[in-house]
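Structural overview for review
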Amino acid sequence: MARQLRAEQTRATIITAAADLFDRHGYESTSLSDIVEHAQVTKGALYFHFAAKEDLAHAIMELQSQASQRVAGEIDNRGYSSLEALMRLTFGLTRLSVEGPIARAGLRLATGGVAVKPPLRHPFSEWLELVTRGLSGAVREADIHQDVDVDAVAHSLVCFFVGTRVVGRSRETTTRLPRRMAEMWYVLIRGLVPVPRRPRYLSLASRLEREIMAACVS
């Protein structure tokens, strides 16, 4: 049991080190030797767990997918309106990016030409499905204008969400992400939500931003 625990800890250390380097330098610019040095493990330890750099990339994207599904599942069980649940999902995913390199690296890998192999789904496909479901529910609940094209809005929202993070990677610190997410929702709410319901969701966007910042400081 002790040996198995040490092996699991070593694997986690390698994944975290690889994620940090992939996030900061990109997949192509990071070598296995770089990961060995950053993780402070031997090459033998790395090759025991991962036969190639691509295997490390897939492990990171799998962990990102699991985290996204976990956040979505926790929100689904709390009885929020569809639009609030969708907003909380985007802020929850943002919090993962602020808290550690796995989510940040997963996004960079997904946008950096690393092939996503079955049974793992591409994160953009997962997010598009979640967003489409949330928007469809919000239309039924009259929190979004009834005449919106849900498919078009879902695609635009995912692009907005991903683009905000990609652009911010080279221009701002990670701690700026919650503010950018709130700004994204200020724009979307004014375009999608009927006037009488806007104050509730504008206030929610501000509150969720504050909650993430407070959690990351504590």
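Our subject is the structure listed above.
Just so we're clear, the structure is a prediction, and the values are computed from it rather than from any experiment. (Residues numbered from 1 in each chain as written. Predicted model: local features only at pLDDT ≥ 70, side-chain atom pairs only at ≥ 80, totals over all residues. Heavy atoms only, no water.)

Further remarks concern the pattern of salt bridges. For the coordinates displayed, the defined rule picks out 13 salt bridges. With a shortest N-O distance of 2.7 Å, Glu99 and Arg95 are connected by a salt bridge. A residue pair is termed a helical-turn pair when its members lie 3 or 4 positions apart in one helix, as Glu99 and Arg95 do in helix 5 (residues 82-99) at 4 residues. For Glu99, a relative accessible area of 47% puts it in the partly exposed group. Taking the relative accessible area as the measure of exposure, Arg95 reaches 34% and is therefore partly exposed. In this structure, Arg180 and Glu183 form a salt bridge, with 2.8 Å as the shortest nitrogen-oxygen distance. Taken as a pair, Arg180 and Glu183 lie in helix 9 (residues 177-192) at a separation of 3 residues, close to a single helical turn. Residues participating in the shared-partner salt-bridge network are Glu172, Arg179, Arg180, Glu183 and Glu209. (Salt bridge = Lys/Arg side-chain N within 4 Å of Asp/Glu carboxyl O. Helix = DSSP H or I, 4+ residues; strand = E, 2+ residues; numbered from the N terminus. Buried < 20%, exposed > 50% of the residue type's maximum accessible area, 1.4 Å probe, protein only.)

Attention now moves to the layout of surface pockets. Of the pockets and cavities examined, the largest pocket occupies roughly 350 Å³. For the lining of the largest pocket, the secondary-structure elements that each account for two or more residues are helix 4 (53-76), helix 5 and helix 10 (198-217). Broken down by element, the lining of the largest pocket gets its largest block of residues, 6 residues, from helix 5. Of the residues belonging to the lining of the largest pocket, the class tally is 7 nonpolar, 1 polar and 6 charged. Of the pockets and cavities examined, the second largest pocket occupies roughly 230 Å³. The set of elements that each furnish at least two residues to the lining of the second largest pocket consists of helix 6 (101-110), helix 8 (150-171) and helix 9. For the lining of the second largest pocket, the element with the highest residue contribution is helix 8, accounting for 4 residues. For the lining of the second largest pocket, the residue count by class is 2 nonpolar, 5 polar and 7 charged. (1 Å grid on protein atoms, 1.4 Å probe; cavity = no way out; pocket = protein on both sides within 12 Å on 5 of 7 lines; lining within 4 Å. Points joined across faces, edges and corners; volume = space filled by probe spheres on them. Nonpolar A, V, L, I, M, F, W, Y, C, P; charged D, E, K, R; others polar.)

Let us now look at empty space enclosed by the protein. This model, assessed by the stated rule, comprises 2 cavities of 30 Å³ or more. By volume, the largest cavity is sized at about 50 Å³. Considering the residues around the largest cavity, the lining is formed by Leu89, Thr90, Leu93, Trp127, Val131, Leu157, Val158 and Phe161. Elements with a minimum of two residues in the lining of the largest cavity: helix 5, helix 7 (123-140) and helix 8. When its residues are assigned to classes, the lining of the largest cavity shows 7 nonpolar, 1 polar and no charged. In this structure, the second largest cavity occupies an estimated 40 Å³ of space. Taken together, Gln64, Ser68, Leu93, Leu96, Ser97, Ala103, Trp127 and Arg165 make up the lining of the second largest cavity. Going through the elements one at a time, helix 4 and helix 5 are the ones with two or more residues in the lining of the second largest cavity. Element by element, the count of residues in the lining of the second largest cavity is highest for helix 5, at 3 residues. Counted by class, the lining of the second largest cavity contains 4 nonpolar, 3 polar and 1 charged residues.

On their own, these measurements won't tell you what the molecule is for.
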